[in-house]
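Analysis of the macromolecular model
Below are the chains, spelled out letter by letter.
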Amino acid sequence: MGETEYSIDPAIIKRLAGEICELSKFGAEIAIVLGAGNFFRGSGLAAAGIDRVTADHMGMLATIINSLALQDTLEQLGSYARVMSAIKINEVCEDYIRRRAVRHLEKGRVVIFAAGTGNPFFTTDSAASLRAIEINADLLIKATKVDGVYSADPVQDKSAKRFDALSYDEIIEQKLAVMDTTAIVLCRENNMPLRVLDMMQPGALLRTARGMNEGTLVTEDRAPLYLTTE
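Because the structure is predicted, anything quoted here is derived from the model rather than measured. (Residues numbered from 1 in each chain as written. Predicted model: local features only at pLDDT ≥ 70, side-chain atom pairs only at ≥ 80, totals over all residues. Heavy atoms only, no water.)

Right, let's talk about the layout of surface pockets for a bit. Estimates place the volume of the second largest pocket at around 220 Å³. For the lining of the second largest pocket, the secondary structure elements donating two or more residues are β5 (140-144) and β6 (149-150). Counted by class, the lining of the second largest pocket contains 9 nonpolar, 3 polar and 2 charged residues. (1 Å grid on protein atoms, 1.4 Å probe; cavity = no way out; pocket = protein on both sides within 12 Å on 5 of 7 lines; lining within 4 Å. Points joined across faces, edges and corners; volume = space filled by probe spheres on them. Helix = DSSP H or I, 4+ residues; strand = E, 2+ residues; numbered from the N terminus. Nonpolar A, V, L, I, M, F, W, Y, C, P; charged D, E, K, R; others polar.)

Here it is as structure tokens:
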């Protein structure tokens, strides 16, 4: 969305695609789950009076729009990409089939998982956790606009401190707004490491792939370490 009020900012999507292309050239196998908050959110539409199931299906369709835009931009920059949808829309993209997705990854293609889990009442956070587990990913990255997990909203609370590492249980118990609880529980039950980082920081993805301590790492038993916000 960038600085626009809604829709897709071409400059932002090109910059993000450039980061993904750089990571792909580094040799990483990359799968991506996109939301659609730049258009609307199913929960927001439901709050406005639209049936929740209908609203969630509308949100799923919006993620396909974002996914197609990212696919096109990646291919313009020289990467190969495939959009795979959890709901059938064969004229536009492939259906999500786990074995086929893994094969795409093995061939060096960037795979974009669209339409969430294909089910209402589940967020794209949950979809990201589920897909990461299904494809046996080494790491799940939550790309946000902040450089990790904070003790409070750093925009509203200037005294908020950033965690270098957390456990899944600490995320849940302290109600830290990282991902929804279902997504965190999925990661915990399947021992899927999660790293939260600022996608707007140039090179963040590549630094993470190289093992550098970018953002906040969430695992089963890592003790938290506060870092200053300065």
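Next up on the list: the packing of aromatic side chains. Applying the stated criterion across every chain yields a total of 1 aromatic pair. Pairing Y96 with F113 gives two aromatic rings, centres 5.3 Å apart and planes at 90 degrees, and the pair type is edge-to-face. One end of the pair, Y96, is in the loop between β3 (94-95) and α4 (98-106); the other, F113, is in strand β4 (residues 110-114), with 17 residues separating them in the sequence. F113 carries the same exposure label as Y96, and that label is buried. (Phe/Tyr/Trp six-rings, centres within 6.5 Å; stacked < 30°, edge-to-face > 60°. Buried < 20%, exposed > 50% of the residue type's maximum accessible area, 1.4 Å probe, protein only.)

Not every positive phi belongs to a glycine, and N136 is a case in point at roughly 60 degrees. When you line up the elements, N136 lands in the loop between α5 (124-134) and β5. Accessibility expressed as a relative area gives 58% for N136, which makes it exposed. Its identity is not glycine, yet N191 carries a phi of approximately 55 degrees, on the positive side. In this structure, N191 sits in the loop between α7 (181-189) and β9 (194-198).

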